[in-house]
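Observations on chain architecture
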Amino acid sequence: MNPDDFDYLVIGAGSGGVASARRAAAHGAKVGIVEAGRVGGTCVLRGCVPKKLLMYAAQFRDAFAEAAGYGWSVGHPHFEMPRWAAAKAAETQRLEHVYRQLLAGSKVALIEGRAVIDAPGRVRVGDRVLNAKHLLIATGAQPVRDSIPGIEGCATSDELLDLHRLPPSAAVVGSGYIALEFASMLQRLGVATSLFYRARLPLRGFDEDLRTRAAAALQAAGITLHPGAAPRAVQRAGDAWLLILDDERSLEFPFVLNATGRRPNTAGLGLETIGITPDADGAIPVDARLRTAAENVYAIGDVTHRLNLTPVAIAEGRALADSLFGPTPRAVDLSLVSSAVFMLPPVATIGPTEAELAASGTKLEVFEADFRPMKQAFIDGHERCYMKLLVDAASDRVLAAHMIGADAPEIVQSLAVALTAGATKAQFDRTIAMHPTAAEEFVLMREPARVVG
Ligand code: NDP
């Protein structure tokens, strides 16, 4: 057999592509994976992992401030970005090495270079021609750089995570996941941060009660909020940037973070040669079985621009490999996916918002807890914790859980098991609390705060 003839060829060695390639190889398929950059993808190299490492660094600001109330004297701590940057570079290198070893250990051939689809079942990488019975496109996404005139010269999260020196102040444009996470981190790392967004509240699409509390938490951290004030243009002014607002105000910042969304990586792949037309966002349309418009060509993860989350891409990649090369085809159920915004304090959520459920005509019991956690009360701190359960009044089933507060992602990840299993409120009530924790409040909500619908 020609060494460049594959049962399964994957374009993009990120979390989803690697998971799919390894699963297919485990089923006995001959698998190749093509990668134009470093192995590991957005999550490992420029997303989840380095972001969370910077969040850990940022959290120390709050810990140092709180330490005095607990009897500690910690002097005058200060953050040195070059030290964090060196440690982060070493960690992402280590993880890239782990990914390469995983591929080699699974007998997946790594082909380094840019893939261009040449014809059905044929991909070129430089001078090399690879033939594939089945082709998976898992090329991910990248930051949108042209959302606002002039913003293309500004940093995105990619560049911010590679900084060796932080600016004294910064404007963050946008109010989605990336904007809120980085605004929270920058402010705590000593950067006076202003957040510009076009909506009334940040985090469009999240439950309103989380959005109002997220805005309050950002403000309490000292971030200057500019709701309803996305810049209409950005201009260079010497070493600085000018944000030109709709009301013609112009504000100057040494650093601007463009956090206005991400766009699928479909340009230059040769999709047109096999009859795939990306949608208006540049995404590859797929059906429930991850099939594209071209026969034997599939797409998973951010390049399909649906739920842009690493675990979703991994689950899709494995399900696809199982379907193509395993004994039983299967689809991934994405009807209930939890996610977190790692701002400080973090937001975590699973299931629809109260407004979405109310609009669907579901009669709802809304249970809430809003309190100052013990750790904060002891030092008279301001940070609060808010939790909400949305319960279907007819079936008693818990349809959604929303939380903002310390450890929210860890707590909601565990609750996700209960919701996925179809837990009822009566089962939450039967659960004995673990004390003293914040999470216990989720099983101690006795009376609904309101009934909707
Ligand atoms: P989001 O889609 O979450 O947010 C984009 C933001 O940019 C929104 O606030 C949007 O405003 C704003 N925006 C878009 N265009 C413009 C414009 N022309 N002018 C002003 N504002 C604009 O994108 P992110 O880049 O933050 O994240 C991309 C995706 O990556 C997320 O949706 C998520 O799926 C994933 N992600 C997940 C993380 C996690 O799991 N913790 C972390 C980071 C990313 P508006 O709301 O008004 O449209």
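These lines cover the structure that appears in this document, whether it is placed above or below. (Residues numbered from 1 in each chain as written. Predicted model: local features only at pLDDT ≥ 70, side-chain atom pairs only at ≥ 80, totals over all residues. Heavy atoms only, no water.)

Along its length, the chain carries 12 helices and 22 strands. Taking 2.2 N^0.38 as the reference for a compact globule, 453 residues should give roughly 22 Å; the C-alpha atoms of the chain span a radius of gyration of 24 Å, in line with that estimate. For the C-alpha atoms alone, the extent of the chain along its principal axes is close to 70 × 60 × 45 Å. The buried share of the chain, reckoned over its 453 residues, is 50%. Across the chain, the fraction of contacts at a sequence separation of at least 24, relative to all contacts at a separation of at least 6, is 64%. Per element, the accessible surface of the chain, about 21,000 Å² overall, is 53% carbon and sulfur. In the chain, which carries 46 positive and 50 negative side-chain charges, the distance between the mean positions of the two groups comes to 3 Å. (Helix = DSSP H or I, 4+ residues; strand = E, 2+ residues; numbered from the N terminus. Rg over C-alpha atoms; globule rule 2.2 N^0.38 Å. Buried < 20%, exposed > 50% of the residue type's maximum accessible area, 1.4 Å probe, protein only. Contact = heavy atoms within 4.5 Å. Areas by Shrake-Rupley, 256 points an atom, 1.4 Å probe, with all protein chains shown as cover. Lys, Arg positive; Asp, Glu negative; His and termini not counted. Charge placed at Lys NZ, Arg CZ, Asp CG, Glu CD.)

Looking now at the sheet that holds strand 8 (residues 169-173). Here 4 strands make up an open sheet; going across it, the order is 10-9-8-14 and the pairing parallel. Strands with a single pairing partner mark the edges of an open sheet, and in this sheet they are strand 10 (224-226) and strand 14 (256-258). Averaged over all pairs of adjacent strands, the angle between strand axes in this sheet comes to 20°, irrespective of strand direction. Inspection of the sheet shows strand 8 paired to strand 14 by 3 bridges, in the parallel sense. If you follow Ala 171 over to strand 14, its bridge partner there is Val 256. Along the sheet, helix 6 (residues 177-188) contacts strand 8, strand 9 (192-196) and strand 14; its crossing angle with strand 9, the most-contacted strand, is approximately 160°. (Pairing = 2+ DSSP bridges. Axes fitted to C-alpha atoms, helices over the stretch in contact; angles between N-to-C directions.)

Let's shift gears to the sheet that holds strand 12 (residues 240-244). Strand pairs in the sheet, formed through backbone hydrogen bonds, run parallel or antiparallel to each other. Reading across from one edge, 11-12-13 is the order of the 3 strands in this open sheet, with antiparallel pairing throughout. Looking at which strands have only one partner, the edges of the open sheet turn out to be strand 11 (233-237) and strand 13 (250-253). Across this sheet, the average inter-strand angle for adjacent strands is 25°, counted without regard to direction. Here 5 bridges tie strand 11 to strand 12, and the two strands are oriented antiparallel to one another. Across the sheet, the residue bridging to Ala 237 is Ala 240, located in strand 12.

The final tally for this structure, using the stated rule, is 5 aromatic pairs. Residues Tyr 8 and Phe 325 carry aromatic rings whose centres are separated by 5.2 Å and whose planes lie at 65° to one another, so their mutual orientation is edge-to-face. One end of the pair, Tyr 8, is in strand 1 (residues 5-11); the other, Phe 325, is in helix 8 (residues 310-325), with 317 residues separating them in the sequence. Taking relative accessible area as the criterion, Tyr 8 reaches 0% and is therefore assigned buried. (Phe/Tyr/Trp six-rings, centres within 6.5 Å; stacked < 30°, edge-to-face > 60°.)

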